[in-house]
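Structural features, examined
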Amino acid sequence: MTQAPTPTADTVRRLVRSLLQDSTPDTGGPEIRRVDEGGPSTWWVGTRHVLRLAGDREASTRSRRELRLRDLVRPHVPVAVPTSVAQGEWAPGLAYTLDTRVPGGSAEEHDVSAVGEADLAGLLTGLRVVPVRQAEALGVPRVAPRSLEALRREAGRAAERLRAADEFDPARLQQLTSPAAVQLAAQPGGAVLVHHALTGEHLVISADGRVRGVLDWTGTVVGDPAEDIAGLALAVGSPAAVRAATLAGYGARPCLRGLWLARCDTVIRLAAGLDGRTTQPLPLLRTRLRRAWEAILLERVTELRDEETDDAEL
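In this report, the structure presented in the accompanying data block is examined. These figures come from a predicted structure and were not determined experimentally.

Looking only at helices and strands, the protein chain has 10 helices and 10 strands in total. Against the compact-globule benchmark of 20 Å for 314 residues, the protein chain has a radius of gyration of 21 Å, which places it among compact chains. Within the protein chain, contacts between residues separated by at least 24 positions form 75% of all contacts whose residues are at least 6 apart in sequence. Carbon together with sulfur atoms contributes 50% to the accessible area of the protein chain, which is approximately 15300 Å² in total. Taking the average place of the 39 positive charges on the side chains of the protein chain and the average place of its 41 negative ones, the gap between the two points comes to 3 Å.

The following block contains the structure:
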């Protein structure tokens, strides 16, 4: 198998000059900077664009699918979705896209305001109405909901590792009992378009706390909407995530399911970080764990009888 080339600053500079030569004829091209969160394949191009280079053929397939998916999603959501101004191959079989840059910082840099929570609610509402069949026709995969019971058991083992490192009290996980995990199973027929990575680096937040855009739609699936509620819990904290989901029309069951997906995930990922099994920095993993474990009023709900609970006033 041929080793895929590694993009360098010179590679990026030559490509950018060929794409933007008409707009920068005398300066040698705009400034090129690697995006810290994007690894070697994502680059800032001046102040108005970002260049993303796929590193293998599978990533190239996702990149090309993302271009069509963004066009499908854009009319349904109230926040910006990046627009591609150029696309092609930067190496044989390897795709690139030069996108417009959405102004603002990340959710790791700016807090989301109350109006920003309404923006997130609009995002979740919009994702619910994107036609699933059209998304699947573009190649968006359908993914089965995760087992919260299996995740609970894995988180229990990880929590013991965190106890030994004085990072977490495993007794906190006892709030999620085995019967509760079963009760919070995803409901049949509830699949929607799920961004699947609504974490802080993919939310563009303005200085006034408004949500201005959502980046990186390459991992989008058709599946469990609680996964996006869980992602928001990592990005903006559990109370804000649940408030946004409630505004979007989600009831107690998916909100609590998203909360516990986030909590179990953060315990598991921090344990992996302590053992050197992930490249994510420990401070970020600790911050996400803290956000996911923020208490919410909805946790006072002790019984979820049937679907009528999903329509309850929270």
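Time to look at the environment of Arg-14. With respect to the element layout, Arg-14 can be found in helix α1 (residues 9–20). Note on Arg-14: relative accessible area 55%, which makes it exposed. For Arg-14 and Pro-225, which are 211 residues apart along the polypeptide, the C-alpha to C-alpha distance reads 41 Å.

Let us now look at the pairing of strand β4 (residues 84–91). Bridging between β4 and strand β5 (residues 94–100) involves 6 bridges; their strand directions are antiparallel. Within the sheet, the bridge partner assigned to Gln-87 lies in β5 and is Thr-97. Between β4 and β5, which pair antiparallel and follow one another directly, the connecting turn spans 2 residues, one of which, Gly-93, has a positive phi of 80°.

Either a parallel or an antiparallel arrangement is found when strands of a sheet pair, and the pairing is made through backbone hydrogen bonds. Within the open sheet, the 3 strands sit side by side as β6-β8-β9. Their pairing is antiparallel. Each edge of the sheet is formed by a strand with only one pairing partner; in this case those strands are β6 (105–106) and β9 (211–214). Bridge count for β6 against strand β8 (residues 203–205) is 2 bridges, and the pairing is antiparallel. Counted as the bridge partner of Ser-106 is Val-204 from β8.

Cut-offs used in this document
- Residues numbered from 1 in each chain as written.
- Predicted model: local features only at pLDDT ≥ 70, side-chain atom pairs only at ≥ 80, totals over all residues.
- Heavy atoms only, no water.
- Helix = DSSP H or I, 4+ residues; strand = E, 2+ residues; numbered from the N terminus.
- Rg over C-alpha atoms; globule rule 2.2 N^0.38 Å.
- Contact = heavy atoms within 4.5 Å.
- Areas by Shrake-Rupley, 256 points an atom, 1.4 Å probe, with all protein chains shown as cover.
- Lys, Arg positive; Asp, Glu negative; His and termini not counted.
- Charge placed at Lys NZ, Arg CZ, Asp CG, Glu CD.
- Buried < 20%, exposed > 50% of the residue type's maximum accessible area, 1.4 Å probe, protein only.
- Pairing = 2+ DSSP bridges.

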